[in-house]
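Secondary and tertiary structure notes
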Amino acid sequence: MSYQNVAEIITETDSNRTGDLCGSTEEKSESGTVSEKTSSSSDIDRIAMAREYLKKGILDKAHHLIAEIIKASLEPDTLIKAAIISLELGQIKLSLKALDKAREQGRGISTEYEEIARPLYQWFGSEKKCADSGVNQHNILLKKLPSLAETYCVIGIFAAECDYVRLALKNLETAQFIDSDVFNNFDLPKDTITAHLIDCILSIRKNPYLTDLARETPAFQQPQLPIFEVINPPELSYRDQDAHLAIAHLYGQASDDIVQWAMTAQSLYASAAIREAITAFERVVELQPNNDLATRALWHLPKLDNSELDRLLSVRFDANKMEQLREKYYAARQADYYYNIDIVGTCNLRCPSCPVGNFDDSGIPKGFMDLNKYERILSKIKKSHDPSVSIAIDIHNWGESLLHPKLPEFIKKTREYGFLVGLSSNLNHNLSRKKLEEIIRAEPDALRISLSGFSNEIHMQTHTRGDINIVKSNMHLLRHVLDRTKSETAIEIGYMVYKHNFSDDFVRMRLLAEELDFHFDWIFAVYMPVEKTITAIRGEYDQADKEIFENLPVDPREWTELVDGSGAFRKNTPGDCHLKKHRMAINFDGTVPICCASYSYDNIAVKDFLAVSHEEIQKCRSDHSLCGDCMDSNAYFFYSGVHPEMGERKAYKTLSEIGAFVGKDGR
Ligand code: SF4
Ligand code: SF4
């Protein structure tokens with residue numbers, strides 16, 4: 001597979017649009033092919049001659065002729081064909097020039113023209129740096145037949161240039177699996193995203209912990225990895241569908257290579273092209289009848305077909321917008337050290353997976369922090385860290401800080417100290433416009449809205465005492481206030497995923513988030529607090545806990561088995577728990593728990609934050625037996641993000657096995 005093939009696909013598509021590789025059909029134009037409609041015979045001859053030169057390898061003549069055609073011609077169709085040949089010649093800038101000229105001339109025949117030209121724009125972008133890196137890559141490929149690894153590498157680079165970061169990573173990783181030296185064949189500009197991605201992969205590979213994990217995990221060893229992921233929720237589906245389909249074409253063209261078909265299926269699925277994905281999976285099974293994952297994908301996918309969800313998934317999400325919102329939110333949260341300060345020691349809801357809902361006998365007192373105490377805490381924090389250390393204060397841990405009548409003043413104070421301010425709220429109370437406006441005018445950097453459904457039928461199961469209609473109405477009000485105050489606060493919807501809510505509700509909430517310009521994030525719900533997770537792992541839990549576990553994507557009772565089965569190092573981790581190293585929680589009464597995931601009052605590390613130095617607090621936390629128990633039982637994997645993918649894979653598997661993401665009618 002090479003760039004020539006890319007152009008062949010496009011040429012083929014151009015002359016005979018009867019179907020794509022996976023059976024999606026597009027009719028031939030009633031009046032015939034593009035060239036018959038508008039190109040003059042002399043243009044057709046000259047194009048044919050250039051193609052002939054190209055075929056025979058007389059590249060300079062082909063280049064010369066095609067440059068002349070582009071200069072002289074005003075026929076959009078000729079220009080498009082010339083663009084394709086330029087592309088095959090590696091003359092990407094010339095190709096873009098031809099396309100631009102065709103676009104200028106092409107009004108009135110735009111439908112077919114756009115369909116042909118769009119993938120080219122998608123791949124090479126209109127920006128110079130993309131075109132330049134495209135030229136480099138293409139020139140390398142033109143010198144020799146590319147290997148499979150090089151092909152994956154180029155696809156990865158394309159994907160990166162289209163900003164499909166995860167897809168790019170997968171491809172680049174696959175390339176490296178096939179040939180660990182593959183990246184050395186590419187003369188990549190160091191400042192491109194591609195180079196960055198490659199660096200990421202290389203650093204992953206250099207990490208002995210992850211390498212060991214990869215060695216032990218069959219999915220990591222197989223290029224079929226995407227098959228596993230395709231049966232899972234289509235996290236890429238909001239990406240731009242055109243470029244996905246274009247990349248899918250690259251993978252799947254006339255190939256008997258099972259990996260390419262698997263990747264094609266993944267891309268099609270990610271593009272919500274469900275029927276085409278089914279065709280691609282059928283091809284995988286045809287090539288390898290015992291491929292269990294593809295068979296399961298086929299079992300799963302038809303459920304999506306024709307369902308309400310299929311329709312919803314076909315909605316075009318705006319990938320660029322969501323990416324910008326994501327970047328904005330994460331930039332507003334980026335710091336070296338984080339504090340979670342509970343200014344309200346309680347919450348209005350009783351979510352069953354949260355200790356406020358499941359741990360009545362924790363001994364934690366309830367109450368509100370006063371502003372003076374908060375200011376003294378901020379002052380001590382300021383003195384405890386070197387000025388080069390950036391600090392973020394999350395004004396919440398287990399409490400609902402929007403219940404504090406003086407929240408705007410807490411936010412302002414935090415900003416006065418130069419700290420980033422993060423809020424998290426269930427937004428599930430009657431907020432007046434005035435109050436919300438005061439909060440937003442105080443300029444928190446980020447606000448996360450935590451919820452678990454779009455309908456009350458779903459949301460209330462896991463946000464007990466909640467009402468999603470209040471939340472949604474507050475979300476709209478918040479949008480209004482943000483616009484009115486021209487606020488820069490970054491907003492994120494944190495959709496907590498359980499077994500029962502990974503369905504239409506999920507998609508609908510994502511649509512609403514996009515409509516309101518809020519970043520949409522989804523997190524697999526975990527059981528909290530750490531004390532109860534440790535006992536659950538050890539087999540000690542009651543009936544109420546059991547019901548909660550059964551609705552979680554990752555059941556804590558299976559945790560030991562999962563950690564052992566993953567090949568992760570038990571107990572002996574390469575780094576310390578990051579919740580201990582980079583984060584500290586402070587309760588409303590000034591007490592310091594072992595960590596933000598702990599809740600029992602028995603596990604208070606320090607009685608008064610203000611009376612003990614930062615170093616001593618850290619020592620008290622580290623020496624506490626809870627951390628030892630947490631590490632011994634591997635509970636900290638749940639919270640510390642040592643290797644979240646392990647839990648994520650399990651969560652995906654669970655959700656696909658129960659047929660989550662199925663429309664309400666059960667199909
Ligand atoms: S809304 Fe948040 S803090 Fe309140 S009970 Fe639910 S998870 Fe806990
Ligand atoms: S090891 Fe466990 S208890 Fe200790 S800080 Fe990490 S998550 Fe918290």
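Okay, so let's go over this structure.

Conventions we followed
- Residues numbered from 1 in each chain as written.
- Chains lettered and ligands numbered in written order.
- Predicted model: local features only at pLDDT ≥ 70, side-chain atom pairs only at ≥ 80, totals over all residues.
- Heavy atoms only, no water.
- Near = heavy atom within 4 Å.
- Nonpolar A, V, L, I, M, F, W, Y, C, P; charged D, E, K, R; others polar.
- Buried < 20%, exposed > 50% of the residue type's maximum accessible area, 1.4 Å probe, protein only.
- Helix = DSSP H or I, 4+ residues; strand = E, 2+ residues; numbered from the N terminus.
- Pairing = 2+ DSSP bridges.
- Salt bridge = Lys/Arg side-chain N within 4 Å of Asp/Glu carboxyl O.
- Phe/Tyr/Trp six-rings, centres within 6.5 Å; stacked < 30°, edge-to-face > 60°.
- Lys NZ or Arg CZ within 6 Å of the ring centre and 35° of its normal.
- Right-handed = clockwise from strand over helix to strand, strands pointing away.
- Axes fitted to C-alpha atoms, helices over the stretch in contact; angles between N-to-C directions.
- Parallel < 35°, antiparallel > 145°, perpendicular 65-115°, else oblique.
- Left-handed = near helix turned anticlockwise from the far one by under 90°.
- Contact = heavy atoms within 4.5 Å.

Describing the site of ligand 1
- Contacts to ligand 1 come from Cys-347, Leu-349, Arg-350, Cys-351, Cys-354, Val-356, Trp-398 and Asn-426.
- In the shell around ligand 1, the residues fall into 6 nonpolar, 1 polar and 1 charged.

Overview of the pairing of strand S1 (residues 337-341)
- For S1, the buried fraction is high: 5 of the 5 residues fall into the buried class.
- In terms of strand pairing, S1 meets strand S2 (residues 391-394) through 4 bridges, oriented parallel. Bridged to Asn-340 within S2 is Asp-394.
- Sheet topology note: the S1/strand S7 (residues 583-586) ladder contains 4 bridges and is parallel. Residue pairing for S7: Tyr-338 is matched across the bridge by Arg-583.

Looking at the pattern of salt bridges
- For the structure on display, the rule yields 18 salt bridges.
- For Arg-557, the salt bridge goes to Glu-550, with nearest N and O atoms at 3.6 Å.
- Owing to a relative accessible area of 40%, Glu-550 belongs among the partly exposed residues under this scheme.
- If you follow the salt bridges from partner to partner, you end up with Lys-546, Glu-550, Asp-555 and Arg-557 in one network.

Digging into the packing of aromatic side chains
- On inspection of all chains with the given rule, the structure shows 10 aromatic pairs.
- Taking the centre distance of 6.1 Å and the plane angle of 20° together, the rings of Tyr-417 and Phe-419 count as stacked. Accessibility assignment for this pair places Tyr-417 and Phe-419 in one class, buried.
- Relative to Phe-549, the ring of Tyr-527 lies with its centre 4.8 Å away and its plane at 90°, an arrangement referred to as edge-to-face. Of this pair, Tyr-527 sits in the loop between strand S6 (519-524) and helix H28 (530-537) while Phe-549 sits in helix H29 (residues 543-550), and the two are 22 residues apart along the sequence. In this structure, Tyr-527 and Phe-549 share a single accessibility class: buried.
- One aromatic cluster is present, built from ring pairs that chain together Tyr-337, Tyr-339 and Phe-609.
- When the ring centre of Phe-609 is taken as origin, the NZ or CZ atom of Lys-380, which lies over that ring, is 3.9 Å away.
- Between the NZ or CZ atom of Lys-472 and the centre of the ring of Phe-454, over which it lies, the distance is 3.6 Å.

A short note on the pairing of S2
- Of the two faces of S2, the one holding Ile-391 and Ile-393 and the one holding Ala-392 and Asp-394 are both buried throughout.
- Once you follow S2 into helix H23 (residues 407-416) and on to strand S3 (residues 420-425), the crossover reads as right-handed.

Brief notes about the packing of helix H24 (residues 433-441) against helix H26 (residues 468-485)
- Contact geometry for H24 and H26: axes closest at 10 Å, N-to-C directions at 55°. Taken together, H24 and H26 sit at an angle that is classed as oblique. Where H24 crosses over H26, the two elements pack in a sense that is right-handed. Each of Arg-433, Leu-436, Glu-437, Ile-440 and Arg-441 in H24 lies in contact with H26, whose residues at this interface are Asn-474, Leu-477, Leu-478, His-480, Val-481, Leu-482, Arg-484 and Thr-485.

Structural notes on the site of ligand 2
- Around ligand 2, the structure places Cys-577, Leu-579, Lys-580, Cys-595, Cys-627, Cys-630 and Tyr-636.
- Its residues placed into classes, the shell around ligand 2 shows 6 nonpolar, no polar and 1 charged.

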